[in-house]
Amino acid sequence: MSTLTKPNHIGRKISRIRELRDMKQEALAQALGTNQQTVSIIENSETIDDEKLQAIAEILGVTVEGIKNFSEEAVLNIIGNTYQDNGIVNAGLNYNCNFNPLDKVIELYERLVQAEKDKIEYLEKLLKGR
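In this text the structure is predicted, and so the values were computed from the model without any measurement.

Chemist: Can you walk me through the packing of helix 1 (residues 10-20) against helix 4 (residues 50-60) in this structure?
Modeler: Each pair of packed helices gets described by two things: the angle between the helix axes and the distance between those axes. Helix 4 packs onto helix 1 with a crossing angle of 15° between their chain directions and a minimal axis gap of 11 Å. As the angle between them shows, helix 1 and helix 4 are arranged roughly parallel. In this structure, helix 1 crosses over helix 4, and the sense of that crossing is left-handed. Between helix 1, through I10, I14, I17 and R18, and helix 4, the contact on the second element is made entirely by L53, I56 and L60. Here the contact of helix 1 with helix 4 is built from residues that sort into 6 nonpolar, no polar and 1 charged.

Below, the structure written as structure tokens:
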């Protein structure tokens, strides 16, 4: 059995965080003031200098420590532990609708009808003024 630990591949971690943020390499490159090929090289590097890592962390909206300690398993655990089977979040937030959507549709329809009535009234005033 091997006691070797998995290498801390910073580039892969940056790539995964960028993907989770739904950011393309081109967008990261533009924010860094470089090109997409450079970002690709960075994401394939095991180590990155601290200054560049700090700049990338700021762009991605995370800390340098957040990148260094990023774990795909931890992200999956957080997602898995956040939601129950019934769709209600454990943190006490409820994503169920707290109003009747049909009431909102009826309200919108009534507002549209009233707006049309107002237009008709205005146009009739204009015609009578001639």
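Chemist: Mind showing me how you'd approach the packing of helix 2 (residues 25-32) against helix 3 (residues 36-43) here?
Modeler: Relative orientation of the contacting elements helix 2 and helix 3 amounts to 105°, with a least axis distance of 8 Å. The pairing of helix 2 with helix 3 is recorded here as roughly perpendicular in orientation. For the pair formed by helix 2 and helix 3, the contact residues are Q25, E26, L28, A29 and L32 on the first element and Q36, V39, S40, I42 and E43 on the second. Residue composition of the contact of helix 2 with helix 3, grouped by class: 5 nonpolar, 3 polar and 2 charged.

Parameters at a glance
In every chain, residue numbers begin from 1 and rise along the written sequence. Restriction of local features to residues with pLDDT of at least 70 applies here, the model being predicted, together with a cutoff of 80 or more for giving and counting side-chain atom pairs; totals for whole chains, interfaces and linings are based on all residues. Values shown for side chains rest on all heavy atoms present in the structure; no hydrogens or waters enter the calculation. Axis definition: a line fit to C-alpha positions, over the contact stretch in the case of helices; interaxial angles, taken between N-to-C directions, run 0 to 180 degrees. Secondary structure elements follow DSSP: runs of H or I no shorter than four residues count as helices, runs of E no shorter than two count as strands, and numbering proceeds from the N terminus. Here roughly perpendicular refers to angles of 65 to 115 degrees, roughly parallel to angles under 35, roughly antiparallel to angles over 145, and oblique to all remaining angles. A clockwise turn of the near helix away from the far one marks a right-handed crossing, whereas an anticlockwise turn of less than a right angle marks a left-handed crossing. Pairs of residues are marked as contacts when any of their non-hydrogen atoms sit within 4.5 Å. Each residue gets one of three labels, nonpolar for Ala, Val, Leu, Ile, Met, Phe, Trp, Tyr, Cys and Pro, charged for Asp, Glu, Lys and Arg, and polar for the others, Gly among them.

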